[in-house]
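# Fold and contact review
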Amino acid sequence: MKKILSFVTAAALSCTVLAAVPQPVVKADNPMVQTIYSTDPAPMVYDDTVYVYTGRDKDNADNYYMPDWHCYSSKDMQNWTDHGMILSWDDFSWGKQDTAWASQCIERNGKFYYYVTLESRSGGGRGIGVAVADSPAGPFKDALGKPLCGPSWEYIDPTVFIDDDGQAWLMFGNPSCYYVKLNEDMISLKGQIGKFDMNQSTFGPGRGSSSYVEGPWFYKRGSLYYLVYAAFYGNDGSESIGYSTASSPTGPWRYGGQVIKAGSCYTNHPGVIDYKGKSYIFYHDSSLPGGGSFTRSVCVDEFQYGSDGSIPTISPSKTGPKQIQSLNPYQRVEAETICFSKGVKTEKCSNGGLNIGNIQNGSYIKVSGVDFGSGTDKFTASVASDTDGGTIEMYLDGLSGTKIGSCEVPGTGGWQSWKEVSCSVSSASGEHDLYFKFTGSSGYLLNVDWWKFGDGSEQIVTGTTTTTVTQPITTTTVKTIPDNGDYLLYSSFEDGIGSWEGRLGASVETSSKYALAGSKSLFCSGRSEAFHGAIIALGSNFKAGESYSFSANAMYDSGSADTYHFTMQYDLNGETKYEKIASADPAQGEWVQLANRNFRIPSGAENIYIYVETENDKGDFYIDEIKAAAAGTVIKGAGDGSLIPGDINYDGQINSFDVISARKLLLSNSRSAGLVKLADVDRSGEYELNDMILIQNFILGRISEFPDNTP
Ligand code: FUB
């Protein structure tokens, strides 16, 4: 009782103070990694997500002592999820200790090729190595057991790009830039290594024959090829970033200008991407406390190309780019998803992935742009502590902003002995930066694996559109989460088959004959067994032991009626196992949804796949709109005649959650045709601002039906 009273009093007090005093907001979101010194950023856009690969400078280093490479991902450009160390110098039999320099990763046909710089332990200089993985965050394995290029003291800093004609190019080098074609296997060279003509007109006037030094970043935009690189100008004491352009990968290059001016860090290293219609440059500086030329930190900023394709001079910012999508606190958020932190480290978690640790009194984490919607009443976190624990305090918009709650963490008997703790929270609605401040006595207090908030909408899910599931869901309490388009996996087949494959003897290809949404689906044929179907591996977004909402849609247009299964395949204790996620019987020529809002991936499962198969029939079939989201998410699908225009989150009613979904949809670049149809309440054929206003007016009682503006 005492505790509740003191919490209420504190909350009330902090509200009173709030009204009078402007809130100190922690603004510094660059550098984007604060848990280690990170270097040489290499961004990659894959599966609607930005992955950034970095090197690591050792703490207190007095030279480039770099033991391993790390990976981070984001969908909003402000909050970055740490995937930890993905590869080390030690994973290469030929690599010398602590020489893990710059790198870049690229995807081809569902495999991830990671090109790295390493010094050869048998002498001769540095070289470019290549490691391969099945998912963006690894595990990666050296593909060759020897350098792909080198050793040579000039061979550092690989950049890789696959051109529109399918030809892959590798470029690298200091103080000259070298280029070579890669074979389709991405791990062997096609032809000889060439060297660009390095002069003032190709790479700008600089300290040497040109300004180019190292760290090339090669890409194409429209029909123009770009090389952005670390450059030395005049008497500058440190590297700038410059760029050149060409109309072919091998030049002739034409110097474009200075992109980022020299700062206090001796080196720099660019990485440039376009993501969701915006352009971003990644680089490194020495801005983290204790930072310097050998203790660097990765940063990111947004920029706009000139109408002629030129890159402007960009001023590094402290705030980083604008957040492009809010964070949903009502689904499990990994604690290592961080906008900015102080006094926090990440480490491997016994439950998979990472957890945050090394937390002491006063350590904190900022999570940017958290959308609490119409309000929250509960906070839950998975925590561990080998000491007496501590307290997780939660604040909005600054460390001295509104305090919305405080959760006591007890000792759990070990730093990896996980326990869920919950507490009530108040005053949080709408979108805010969320601060977790950790308090307690001296020493390390607690670790956190994940957290989430509750929105008071706990419901008993009594069934889905499935007819059979191996895991009963009728007795489980599952929150019904509105579908806000935040998917962990989404295959619409509009842009190709993605990572889908034919299972065993089957073949898959996209088809324009039928589509549940958009204009394409995936056609599965050549099946000589019922279990031959369409299959995809679940990536690092999915964790064994966790529950998710899965949905697929299937149809057949000829052959016999049969039961269709949406199945999970995984390895457990050396054995391959299969479990039905959902099953249904489609009528010929009609789509059917195979969905399960709460399917748990068994603990310990590895090599996890999902696939669609049939019970007996071996005929062809089509699948479309395959989605996976947080457990409880009501994913829209086929065969439901009860779709209500305006009910964008598909929960059977039009309410304020639909306005939130409508707003998100308006800002989203990747709208599914099904969602657009539901949101286009005036039936104009397009989803526009007017539709969102109509939905809002409907909820406010200003209109009782939607106008029909059918063209
Ligand atoms: O980080 C080690 C080296 O310094 C990189 O390979 C270069 O690009 C420079 O950043």
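Residues numbered from 1 in each chain as written. Predicted model: local features only at pLDDT ≥ 70, side-chain atom pairs only at ≥ 80, totals over all residues. Heavy atoms only, no water.

### Considerations on the sheet that holds strand 10 (residues 159-162)
Rule in force here: Pairing between strands is defined by DSSP: at least two bridges between them are needed. Numbering of helices and strands runs from the N terminus; a helix is a DSSP stretch of H or I covering at least four residues, while a strand is a stretch of E covering at least two. Only the stretch in contact is used when a helix axis is fitted, and all axes are lines through C-alpha atoms; the angle between N-to-C directions ranges over 0 to 180 degrees.
The strand order across the open sheet built from four strands is 10-11-12-13, with neighbouring strands paired in antiparallel fashion. Each end of this open sheet is capped by a strand with a single partner; those strands are strand 10 and strand 13 (189-195). Direction aside, the axes of adjacent strands within the sheet are offset by 20 degrees on average.

### Some details on the site of the ligand
We count it as follows: Any residue with a heavy atom positioned within 4 Å of a molecule or strand is treated as near that molecule or strand. N or O atoms closer than or at 3.5 Å make up a polar contact, with two conditions inside protein: a donor-capable atom paired with an acceptor-capable one, and, for residues adjacent in sequence, both atoms drawn from side chains. The accessible surface values rely on the Shrake-Rupley method and a 1.4 Å probe; as for residues, cover is taken only from the protein chains in view.
Around the ligand, the neighbouring residues are Asp 40, Met 66, Trp 101, Ala 102, Asp 157, Glu 214, Thr 267, His 269, His 284 and Arg 296. A distance of 2.5 Å is found between an oxygen atom of the ligand and a side-chain nitrogen or oxygen belonging to Asp 40. Within the backbone of Ala 102, one N or O atom sits 3.4 Å away from an oxygen atom of the ligand. Within the complex, the protein chains bury 99% of what would otherwise be the 270 Å² of accessible surface of the ligand.

### Observations regarding the packing of aromatic side chains
For any pair of aromatic rings, the description rests on two quantities: the centre-to-centre distance and the angle between the ring planes. Rules: Any pair of Phe, Tyr and Trp rings, taking the six-membered ring for Trp, is counted once the centres come within 6.5 Å. Such a pair is stacked with planes under 30 degrees apart, edge-to-face with planes over 60 apart, and tilted for the rest. Only protein chains enter the area calculation, which uses a 1.4 Å probe; residues under 20% of their type maximum are buried, those over 50% are exposed, and those in between are partly exposed.
Taken as a whole and assessed by the stated rule, the structure comprises 46 aromatic pairs. On the basis of an interplanar angle of 80 degrees and a centroid distance of 4.8 Å, the ring pair of Tyr 64 and Phe 294 is categorised as edge-to-face. One end of the pair, Tyr 64, is in the loop between strand 2 (49-57) and strand 3 (68-74); the other, Phe 294, is in the loop between strand 19 (278-285) and strand 20 (297-303), and 230 residues separate them in sequence. Here Phe 294 falls in the partly exposed class, since its relative accessible area comes to 26%. Judged by centre distance (5.6 Å) and plane angle (40 degrees), the rings of Phe 379 and Phe 436 are tilted.

### Focus on the nonpolar core
As a rule of thumb, nonpolar side chains are buried together in soluble globular proteins. Formally: Nonpolar core, defined: a set of buried Ala, Val, Leu, Ile, Met, Phe, Trp, Tyr and Cys residues in which side-chain atoms within 4.5 Å join the residues together.
Ranked by size, the top nonpolar core spans 38 residues in total, and within it Tyr 53, Trp 69, Leu 87, Tyr 114, Phe 140 and Ile 311 carry the most contacts. For this core, the leading source of residues is strand 6 (residues 111-119), giving four residues. Counting 36 residues, the second-largest nonpolar core is a separate cluster that includes Ile 536, Leu 538, Ala 584 and Val 592.

### A look at the confidence of the model for the protein
When pLDDT drops low, the exact placement of atoms in the prediction is not to be read closely. The test is simple: Known as pLDDT, the predictor's per-residue confidence is scaled from 0 to 100. Contacts are residue-level and defined by heavy atoms, with any inter-residue pair within 4.5 Å sufficient.
In the predicted model, the protein carries a mean pLDDT of 89, and the fraction of residues at 70 or more is 91%. Taken together, the stretch residues 458-478 has pLDDT below 50 and engages in 49 contacts with residues farther than four places along the chain or on a different chain.

### Things to note about helix 3 (residues 656-667)
Rules: One fewer than the residue count of a helix, multiplied by 1.5 Å, yields its expected span.
Between the first and last C-alpha of helix 3 there are 17 Å, a value that for 12 residues agrees with the 16 Å anticipated at 1.5 Å per step. Residues Asp 658, Val 659, Ile 660, Ser 661, Ala 662 and Leu 665 constitute the buried set of helix 3.

### So, the sheet that holds strand 29 (residues 402-409)
Within the open sheet, the five strands sit side by side as 23-26-31-28-29. Their pairing is antiparallel. Each of the sheet's edge strands pairs with one partner strand only, and the pair in question is strand 23 (340-342) and strand 29. Here the strands of the sheet are splayed against their neighbours by 20 degrees on average, with no regard to which way each runs.

### As for the pairing of strand 18 (residues 271-275)
For strand 18, the tally of buried residues reaches four of five residues, placing the bulk of the element in the interior. For strand 18 and strand 19, the ladder comprises five bridges, and the chain directions are antiparallel. From the neighbouring strand, Gly 271 faces strand 19, where its bridge partner is Phe 282. What sits between strand 18 and strand 19 in their antiparallel hairpin is a turn of two residues, with Lys 276 showing a positive phi close to 50 degrees.

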